Amino acid sequence: MRFRLVVSILGVTLCAVGLLMLTAVPISLLYGSNDVRAILFSSLITTVFGFALWILFRTENGELRIREGFAIVSFSWIVVSLFGSLPYMLSGSIPSFTDAYFETMSGFTTTGATILSNVEALPHGILFWRSMTQWIGGLGIILLSVAILPFLGVGGMQLFQAEVPGLTVEKLTPRISQTARILWLIYVGLTAAEVGLLMAGGMPFFDSLNHAFATLSTGGFSTKNASIAAYRSAYIEWVVILFMFLAGASFTLHFRLLRGDWSAYRRDDEFIFYSALILLASALVFLGIPSDVIGDVGERIRASLFQVVSITTTTGFVSADYELWVPAVQLILLLMMFNGGSAGSTAGGIKIVRILILMRNGFNQMTMLVHPKAVIPLRLNGRGVETGIVVDILAFLMLYITLFVFATIAMTALGMDVVSSAGAVAATLGNIGPGLGTVGAVDHYGFVPEAGKWVLSFCMLTGRLELFTVLVLFTKTFWKS
């Protein structure tokens, strides 16, 4: 492990985050907020500290090894969340370090869990920075840095492999830096498109920008206490549904569409399963919503589809209080929390492709019970899936469930009830945001015990980086030469 190289790249990442903080200054000045000084000081501290790390620890050029890639990705999220919490604390918006760190980690990991009971009381600059943390985290701070690492003489493929969500990484172009730029262009383009459509529906520019940031990142932070429900607009809800769905699909497919491959979605097994699962779950939720809660059929269709898409893509926006719905519907939503979006999307969770492969493997095993001598290949998109990938998925699933169980036990030991504990862990581990019980759709995490917030922060980090990237740091073999 070349620690000097790791620290120097962490310094570059901090410089980038510190400069991005300055984007909140024009917003503060435009709306006359009193948080300009706090944001400027936060940016200065972060940038200077990052620049100092880069200058003091910069070392020889060379290709990153896989260990260093994992270390940089994991420690980047921890460090940027530390410095990203400065605007909250220096402005007095969130004076508690634990709360500020929880809110920032929730932003960068695109979880959307908040400790704030009154979001609308925050100054505009802080609200913008809060949304910006999610937008940055959507495709990853490291992915952003990959585009500039070649100029520093350091290759970025290891970082890309460690950061991009999903089972495998499919390079869109031969050069990794060019891939990073293309993904960000798609990301920016979809964000701009949603801003325009939301404004066309009557949402103010500031709110449109913040909600577009939170939608494309599948983060879910809102500028309103009631989230999307505050606007009471069917048009706005349909726009948000569309872009949540697109953000939860693989960005590789969006790239192929831009290249003129209109049948890319139709040929992709994961996308077909992703779409079918959302439609099936939405139909079941629709049937389970009591007519005395939502009487109008059209409104019930929209509410069921909105919540299923929001939870499946791990966005976490709310258009209705689903805790008023029957327990069976809440159970469906809880199960959808574990699914997540597609590989190569900004969504969290287990990922649809893993579930699809395990289901196909299960069907193959049942067929082989009847026909023991049959050779049935496991295929995805017409290509064979190696046995090692199935083993990796089973290991991932076991670790995911184990972490869920132990974190839930820890939360109950801290005094939370079982439903709230399980809901909070499922929501943070899957990077969703709202859970069940006292952390439900219209609630917040402000009353979670302080130790519990650190447990949930760890769940957010581990879930965002797909378990192995973080948990491998706790093994002896990782640190042995």
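Everything discussed here concerns the structure shown above.
Residues numbered from 1 in each chain as written. Predicted model: local features only at pLDDT ≥ 70, side-chain atom pairs only at ≥ 80, totals over all residues. Heavy atoms only, no water.

### Here we look at unusual backbone geometry
Glycine aside, residues mostly have negative phi angles, and peptide bonds mostly take the trans form. Rules: Every helix listed is a DSSP run of H or I at least four residues long, and every strand listed is a run of E at least two residues long, numbered separately from the N terminus.
The backbone of Thr110 sits at a positive phi, close to 55°, despite the residue not being glycine. Mapped onto the elements of the fold, Thr110 is located in the loop between helix H6 (97-108) and helix H7 (124-139).

### A look at the packing of aromatic side chains
Two aromatic rings, taken as a pair, are described by how far apart their centres are and by the angle between their planes. Rules: Working definition: rings of Phe, Tyr and Trp (its six-membered ring) pair if their centres are within 6.5 Å, and the pair is stacked with planes under 30 degrees apart, edge-to-face with planes over 60 apart, and tilted otherwise. Charges are assigned to positions over rings by a cutoff of 6 Å between ring centre and Lys NZ or Arg CZ, combined with an angular limit of 35 degrees from the ring normal.
Applying the stated criterion to the full structure yields 23 aromatic pairs. Cation over ring: Arg58 sits above Trp54, and NZ or CZ is 5.2 Å from the ring centre.

### Here's the deal with a nonpolar patch on the surface
Under the convention used in this document: Note on patches: the residues involved have over 30% relative accessible area and no salt bridge, like charges join within 9 Å, and the nonpolar side chains Val, Leu, Ile, Met, Phe, Trp and Tyr join within 5 Å. Where accessible areas are quoted, they stem from the Shrake-Rupley method and a 1.4 Å probe; at the residue level, only the protein chains shown are allowed to cover. One side-chain nitrogen of Lys or Arg within 4 Å of one carboxyl oxygen of Asp or Glu is enough to make a salt bridge.
A cluster of nonpolar residues, Phe41, Leu44, Ile45, Val48 and Leu90, forms a patch on the protein surface that exposes about 460 Å² of accessible area. For the nonpolar patch, the element with the highest residue contribution is helix H3 (residues 36-57), accounting for four residues.

### A few points about the pattern of salt bridges
To keep it simple, the criterion reads: Each residue is placed in one exposure class: buried if its accessible area under a 1.4 Å probe, protein chains only, is under 20% of its type's maximum, exposed if it is over 50%, and partly exposed if it falls in between.
Scanning the entire structure with this criterion turns up eight salt bridges. Glu237 serves as the salt-bridge partner of Arg302, at 2.8 Å between the closest nitrogen and oxygen. Here Glu237 lies in helix H12 (residues 234-248) and Arg302 lies in helix H16 (residues 297-312), a separation of 65 residues in the sequence. A residue is classified by how much of its surface remains accessible, and Glu237, at 8% relative accessible area, is buried. A salt bridge links Arg354 to Glu466; its shortest N-O distance comes to 2.7 Å. Separated by 112 residues along the polypeptide, Arg354 in helix H18 (residues 352-370) and Glu466 in the loop between helix H21 (450-464) and helix H22 (468-471) bring together distant segments of the chain. Here Arg354 falls in the buried class, since its relative accessible area comes to 6%. Relative accessible area serves as the criterion here: at 9%, Glu466 is assigned to the buried category. A cluster of three or more residues bridged by salt bridges with shared partners is formed by Lys351, Arg354 and Glu466.

### Concerning the environment of Arg130
The criterion, for reference: Contacts between residues were defined by any pair of non-hydrogen atoms, one from each residue, lying within 4.5 Å. Under the rule applied, a polar contact is a pair of N or O atoms within 3.5 Å (in protein, one hydrogen donor and one hydrogen acceptor; residues adjacent in sequence only if both atoms are side-chain atoms).
Position of Arg130 among the secondary structure elements: in helix H7. Sequence separation between Arg130 and His254 is 124 residues; the distance between their C-alpha atoms is 27 Å. Not counting chain neighbours up to four residues away, the residues in contact with Arg130 comprise Tyr88, Glu103, Thr114, Leu116, Val119, Leu122, Phe221 and Ser222. Of the polar contacts made by the side chain of Arg130, one reaches the side chain of Glu103; its length is 2.8 Å.

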